Number of protein chains: 2
Amino acid sequence: MKAATVNPSTMSQSFELLDPKRTIAELKELRALTGNDDGAQRVAFTPTWKRARDFLREKMSGLPVETHTDAAGNLWFTLRGESGKALLIGGHIDSVPNGGWLDGCLNVMAGVEILRRIHAEFDGRPPVTVRLVDWADEEGARFGKSLFGSSAFSGNLDLNEARGLKDRDGIALPDAIAAHGIEFEKVKEAGVEAENAAAYLELHIEQGPVLLDLDLPLGVVLGTCGVERHAITFRGQAAHSGSTPMNRRRDAFLAAAKMAPEIYEITDRHGGVCTIGSCTTKPGIVTSVVEECRITLDQRHLDASALAGMLAEAKSASERYATEGNVSVAWERIWQIEPVPFHAGLIEFCDQAILETCGVTHRLPSGPLHDAAEVSRAGIPTVMMFVQSLHGISHNKIEDTREDHIEQCVVAFDRLARKTMEWIAAKD
Amino acid sequence: MKAATVNPSTMSQSFELLDPKRTIAELKELRALTGNDDGAQRVAFTPTWKRARDFLREKMSGLPVETHTDAAGNLWFTLRGESGKALLIGGHIDSVPNGGWLDGCLNVMAGVEILRRIHAEFDGRPPVTVRLVDWADEEGARFGKSLFGSSAFSGNLDLNEARGLKDRDGIALPDAIAAHGIEFEKVKEAGVEAENAAAYLELHIEQGPVLLDLDLPLGVVLGTCGVERHAITFRGQAAHSGSTPMNRRRDAFLAAAKMAPEIYEITDRHGGVCTIGSCTTKPGIVTSVVEECRITLDQRHLDASALAGMLAEAKSASERYATEGNVSVAWERIWQIEPVPFHAGLIEFCDQAILETCGVTHRLPSGPLHDAAEVSRAGIPTVMMFVQSLHGISHNKIEDTREDHIEQCVVAFDRLARKTMEWIAAKD
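Residues numbered from 1 in each chain as written. Chains lettered and ligands numbered in written order. Predicted model: local features only at pLDDT ≥ 70, side-chain atom pairs only at ≥ 80, totals over all residues.

### Topic: the overall build of chain A
Our working definition: Every helix listed is a DSSP run of H or I at least four residues long, and every strand listed is a run of E at least two residues long, numbered separately from the N terminus. Radius of gyration means the value over C-alpha atoms here, while the globule rule gives 2.2 Å times the residue count to the 0.38 power. Exposure classification rests on a simple neighbour count of other C-beta atoms within 10 Å of a residue's own: a residue reaching 20 or more is buried, one at 12 or fewer is exposed, and one in between is partly exposed. C-beta atoms are placed from the backbone. Here, residues touch in the contact sense if the C-beta positions derived from the backbone fall within 7 Å of one another.
Within chain A one finds 13 helices and 15 strands. Against the 2.2 N^0.38 benchmark of 22 Å for 428 residues, chain A shows a C-alpha radius of gyration of 24 Å, consistent with a compact globule. When its C-alpha atoms are laid out on the principal axes, chain A stretches across 85 × 50 × 45 Å. Across the 428 residues in chain A, those meeting the buried criterion constitute 55%. Pairs at least 24 residues apart make up 79% of the contacts formed inside chain A by residues separated by at least 6 positions.

Here it is as C-alpha cells:
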C-alpha cells in the first residue's frame, strides 16, 4: 500500500478555516521554548511544563473560551455551544525528559487549531459545546505513575499508592503538586468535568512502527491493550562451574532462558505482544551455576480472552521448563489492566475521516496506554487517531513525523471532530 | 559399581605405623579451633589462619623436621633423607569464609600423618627427602586471586595484577601480607623451593558429585581442566514493550537466552563443562525490549583441542543467534588457562594405590584449579587424589566426607607416597 495524498475534491469548505501549517509552526515554537539539544523537557510539575502551559494559554487567548484548571491540575478550555453536551478533545503537553517534539503536544496543538476552526465556522456559537483538555502528567516521568490527571478524572487513581510516590530528590507527589496549586486529597473532584461529556477524541503520534511498516500516514486506534505484568523467579541450586557435571545441575538461568523464544511462539499463536524486559541472576558470578533467575514479563493484547490465554500459556511453559530443569518457579503479579476497547461508532467516524483525507486507512490497537483509556473507562465514548512515527520510536529526541503527515492528521482529526459534533447534536 | 571396603590382605606392615583415625581426630580438633557455626573461617592472612598454622606447627613439632616459611608465605616442613631428591606433599590450611571442614586441610593433616609414618618406618632417615608444604592463600577468598603461594612458587603469579588487589576494607594485598612477614616484591623467590623437587602429591576432597554418583570413595585426578572464561555482550535496540511488534524487535535477551540450551548441547558433544553464571540486561525495565544483554560463559575441559572446539562452537552459535535476531555480539576474554595434565607415571601409581586400598578406582579430571596445577606447570611430576564429597558440595559448611572414606584416603595416599618415594629413589 502507498499512502495517498490529500484529495482536494474531498475537501469541504472548512479547510479554508483550518491551517495545519500553523499547527506545525506552533509545535516548532513550543519545541524551541521548552526543548534543548537533548529533546523535549516538558516534565509535568516543573517550571518548563508551566512555561509550556503558559504558551498554550497564550495561543488560546484569542478565542472566547472559558479557561480553568480542575482539581487534578488538568487544564480546560471550554467553547460554549448551543447544547451543553460537550465534545472533548484531549492531549498532554507534558513530556518525558529528553522526549520527542510531538508526543502529547501534537494533539493539544491540533486541538487548538480545531477550536479556532469551529469558532470561525460557527461564529463563536457551535451547535454543541467543545472543550480542549491538557491532561496533567500523562507521562508519569517524575513520579513513575502515568495518567495522573486523567485517572483522577476517571476516578481510577489509587490515592494511597500516589500519596507515597517520591521523585528522585525525595520530594513527595502531594508536595510537588501543591506547589502548582493542586490539593492532593481533592484530586478526584476532577470527576465533575465528565458532566455532559458526550465524546472524547485524541490524536497521538504512534509510539511504534506499525504505520511506518505499512507506509500509511494515519490509523484508527481500536482501543488500548490489556496488560499482564509479572515477575517470574526460577530457583535452582548454586554449584561450582568447574566441578558440577552438566546432568547434575539445577540451572535457574537455563529454565528462564527457555522462556525467551517461548514468548515469541505465544504471540505467533495469539497476536499481541510479550516482552521479557529484565533478567537478574544470583549469585551471578562467572564460577557458579545460577541459583536464582528473575525475569519480568509484560504481555499485552486488545482482546481479554486472548490475553488470558497468553498468560496461561506462559505459566504453563514456565512450569514445564522448571520441571525439565529440576528447578522451581514462582510468579508474582506486578500490575495488570484490562483492555479498553474504544467506541464502535467513533471508530467508524475516525475510519471515514482518515479515508476521506488520505484515501487509505488502517485499524490498530495501542500497546501503550493513553489518557483516552481513562476517559473511556469513565464511560465516555472515545476514540484515538494515530499518525505515523518516522522511526517507529518515541520517548526519544529522534522521534519525528513527516510534515505532510502532520498536516494530514490535523485535517483528518478535524473531520473526525466535525462528524462527532454532528453525532452529538443528533443525539441531543 | 559399589565401593569396596579396605581389603586387609593387601595391607602392608606400614599400616601399623599409620593411624588414619588420628587424622580424623586432628581435623576435628582444627575445626573446633578455627571454625564456628557457619563453618571453617581459616581465611588466609587473618588471625584465624595464623592460629591454624600454629596448630600445624605444633602437630609437626614431634618430628625432626626443618621448618621455614618461604618468600611467598608457604610453610615448609622438611624431613631430610638419604637423597636430596624430594617428594613434596602439599595442601592448604586456608579456607573460604564459612567453608567446609576438609577442603584444603585434609591433605595437610594427611601429610602430617604420612610424615609420621615415614619417620617411624625409616627411623628418621628415609631414602629420599620428604617435604610437607602448606601453600599460602590457595582460595584467594580475601583478595579474589587464588593459588597465591603456589603461583609465586611456579613463577606464574602476575605481580602487576596482584599488587593492585584490595580486600573489602581497602587493604592492599602487599600490605596485608607484609603484616605476616612477607615482602611482596620478593614473593617469586619462593621458586628456590622447587630445587630437587622430584614429585608432588596432593590429596583433596572432590568439589563435585562425580565420585558420589558412582558410589566410589576415591579417584585419580588426571589433571586440571583448561578454562576459557568470556563475557558475551549482545546489543539490539531498546523499544517500547507495548508498541513494538514482535517481528520488528532487536531483542538482545532473546539472542543471549538461546545460548543457555546451546551450552548443554556443546558439552553433550565434547564432554567438559560450560556455565552461564550471570546475565545482566539494559535498560532492564519491564516496559522495554532489552537493548543490551551480557552473559558470562565459563568453559572447562581437560583436553586443549576439545576446549578450543567448545569455544569455537559457542562463538559460532552466538553469531548465528545474533544474526537471527538482528543484534550484534561481542566477545571479551575474562581469563583463560590451559589444561594441566598430570604425570602419567604418577597417575598409574595413584590408580594402583586406590585399587589396592578400595578394590575399585576411577579416573576423573578436576574442573576446579588446585595448587597441584601450579606445581605441575613448574615442571614437577604431579598427581592428585580425590576423596568423595558426601553432598558433592564444597565451599560450604555442609561439606562432608564419610569417616571410613577419610580413613581410606589416608591409607591410599600413604601407599601413593610410598610408591612415589620408591620411584624417586630408583631414578636417583
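Structure's up, so let's keep going.
### Some words on the domain arrangement of chain A
All names here are of chain A. So the rule is basically this: Domain delimitation in this document rests on an assignment produced automatically or drawn from a domain database. Residue classes follow a fixed rule: Ala, Val, Leu, Ile, Met, Phe, Trp, Tyr, Cys and Pro count as nonpolar, while Asp, Glu, Lys and Arg count as charged, and any other residue, Gly among them, counts as polar.
Domain annotation of chain A identifies domain 1 (8–224 + 339–427) and domain 2 (226–337). For domain 1 versus domain 2, the separation of C-alpha centres amounts to 37 Å. Tallied by class, residues from the side of domain 1 that touches domain 2 come to four nonpolar, two polar and no charged.

### Some thoughts on the environment of Glu-313 of chain B
Tracing the backbone through its elements, the reader meets Glu-313 of chain B in helix H10 (residues 304–324). Taking C-alpha positions, Glu-313 of chain B is 7.2 Å from Ile-266 of chain B, a pair spaced 47 residues apart along the chain.

### Some thoughts on the pairing of strand E5 (residues 83–91) of chain A
All names here are of chain A. Note the threshold: Only strands that DSSP links by at least two bridges are regarded as paired with each other. Crossovers are marked right-handed if the path from the first strand over the helix to the second runs clockwise, as seen with the strands pointing away from the viewer.
Alignment of E5 against strand E6 (residues 128–134), held across seven bridges, turns out to be parallel. Bridging across to E6, Ala-86 finds its partner in Thr-129. Traced from E5 through helix H3 (residues 105–121) to E6, the parallel crossover comes out right-handed. As defined by bridge partners, E5 adjoins strand E7 (residues 197–205) across five bridges and the pair is classed as parallel. Of the residues in E7, the one forming a bridge with Ile-89 is Leu-201.

### Some thoughts on the environment of Ala-231 of chain B
One can find Ala-231 of chain B in strand E9 (residues 226–235). A residue is classified by how many C-beta atoms lie within 10 Å of it, and Ala-231 of chain B, with 16 of them, is partly exposed.

### A look at the environment of Arg-250 of chain B
Residues and elements named next belong to chain B. Here Arg-250 shows up in the loop between E9 and helix H8 (252–257). Measuring from C-alpha to C-alpha, the distance between Arg-250 and Ala-239 comes to 8.4 Å, with eleven residues separating the pair along the chain. Among residues more than four places away in sequence, those in contact with Arg-250 are Gly-236, Gln-237, Gly-325, Asn-326 and Val-327.

### Quick notes on the sheet that holds strand E12 (residues 328–337) of chain B
Hydrogen bonds between backbone groups are what pair the strands of a sheet, and the pairing can be parallel or antiparallel. All names here are of chain B. Worth spelling out the cut-off: The axes used here are C-alpha line fits, helices contributing only the stretch in contact, and every angle between their N-to-C directions lies in the interval 0 to 180 degrees.
If you walk across this open sheet you meet the four strands as E10-E11-E9-E12, and the pairing is antiparallel. Single-partner strands in this sheet number two, and they are strand E10 (273–282) and E12. The average angle at which neighbouring strand axes cross in this sheet is 15 degrees, direction not considered. Direction of pairing for E9 relative to strand E11 (residues 292–301): antiparallel, over a ladder of ten bridges. In the strand pairing of E11, Gly-226 is matched with His-301. Most of the contacts of H10 go to E11, to which it runs at about 160 degrees, and overall it touches E9, E10, E11 and E12.

### So, the relation of the copies chain A and chain B
We apply this condition: Residues below a pLDDT of 70 in either copy are left out; the C-alpha atoms of the rest, at least 70 in both, set the least-squares superposition of the copies.
Expressed as a screw transformation, the operator carrying chain A onto chain B has a rotation angle of 179 degrees and an axial translation of 0.0 Å, and the superposed copies differ by an RMSD of 0.1 Å. The two molecules are tied by a two-fold rotation axis, judged by turn and shift. Closest approach to the rotation axis within chain A is made by the C-alpha atom of Ala-257 of chain A, at a distance of 2.2 Å. An overlap of 100% is found between the interface residues of chain A and their copies at the interface of chain B, pointing to a shared contact surface.

### A look at helix H1 (residues 20–34) of chain A
Residue and element names in this part refer to chain A. Applied cut-off: Multiplying 1.5 Å by the helix residue count minus one yields the expected span of that helix. For this quantity, the arc is that covered by the directions from the helix axis to the C-beta atoms.
Taking 1.5 Å per residue as the helical rise, H1 with its 15 residues ought to reach 21 Å, and the 21 Å between its terminal C-alpha atoms agrees with that figure. Along H1, the positions that sit buried rather than exposed are Pro-20, Thr-23, Glu-26, Leu-27, Leu-30 and Thr-34. Axial view of H1: buried residues confined to an arc of 110 degrees, hence all on one face. Exposed residues lying more than 90 degrees from the buried face of H1 are Ala-25, Lys-28 and Ala-32. Where H1 is buried, its residues meet strand E1 (35–36), strand E2 (39–40), helix H2 (47–60), H3 and helix H13 (403–427).

### Here we look at the interface of chain A and chain B
Each side of the interface is counted separately: chain A has 45 residues, and chain B has 45 residues. It is strand E10 (residues 273–282) of chain A that contributes the most residues to the side of chain A that touches chain B, seven residues altogether. For the side of chain A that touches chain B, the class distribution of residues is 20 nonpolar, 19 polar and six charged.

### Things to note about the sheet that holds strand E9 (residues 226–235) of chain A
All names here are of chain A. Pairing within the open sheet is antiparallel, and its four strands lie in the order E10-E11-E9-E12. Among the strands making up the open sheet, the edge pair consists of E10 and strand E12 (328–337). Direction aside, the axes of adjacent strands within the sheet are offset by 15 degrees on average. In the packing of helix H10 (residues 304–324) onto the sheet, contacts are made with E9, E10, strand E11 (292–301) and E12, and the angle to E11 comes to roughly 160 degrees.

### Description of the pairing of E11 of chain A
All names here are of chain A. Counting buried positions along E11 gives nine out of ten residues, so the element sits mostly inside the fold. Looking at chain direction, E10 and E11 are connected through nine bridges and run antiparallel. Bridge assignment links Ser-278 to a residue of E11, and that residue is Thr-296.

### Let's talk about the nonpolar core
To keep it simple, the criterion reads: By definition, a nonpolar core groups buried Ala, Val, Leu, Ile, Met, Phe, Trp, Tyr and Cys residues that connect through C-beta atoms lying within 7 Å of each other.
One finds Leu-87, Cys-350, Met-385, Cys-409, Ala-412 and Phe-413 of chain A to be the most contacted residues of the largest nonpolar core, which totals 98 residues. With near-sequence residues (within four places) excluded, Ala-412 of chain A lies in contact with Leu-218, Ala-353, Ile-354, Thr-357, Cys-358 and Met-385 of chain A. With 97 residues, the next largest nonpolar core counts Leu-18, Leu-79, Val-187 and Val-227 of chain B among its residues.

### Observations concerning helix H2 (residues 47–60) of chain B
Residue and element names in this part refer to chain B. Taking 1.5 Å as the rise per residue, H2 with 14 residues should run 20 Å; its terminal C-alpha atoms sit 20 Å apart, in good agreement. Within H2, the full set of buried residues consists of Trp-49, Ala-52, Arg-53, Leu-56 and Lys-59. What you see down the axis of H2 is that its buried residues fit within an arc of 115 degrees, all on one side. Away from its buried face by more than 90 degrees, H2 exposes Pro-47, Asp-54 and Glu-58. Here the buried face of H2 lies against helix H1 (20–34), strand E4 (75–79), helix H3 (105–121) and strand E6 (128–134).

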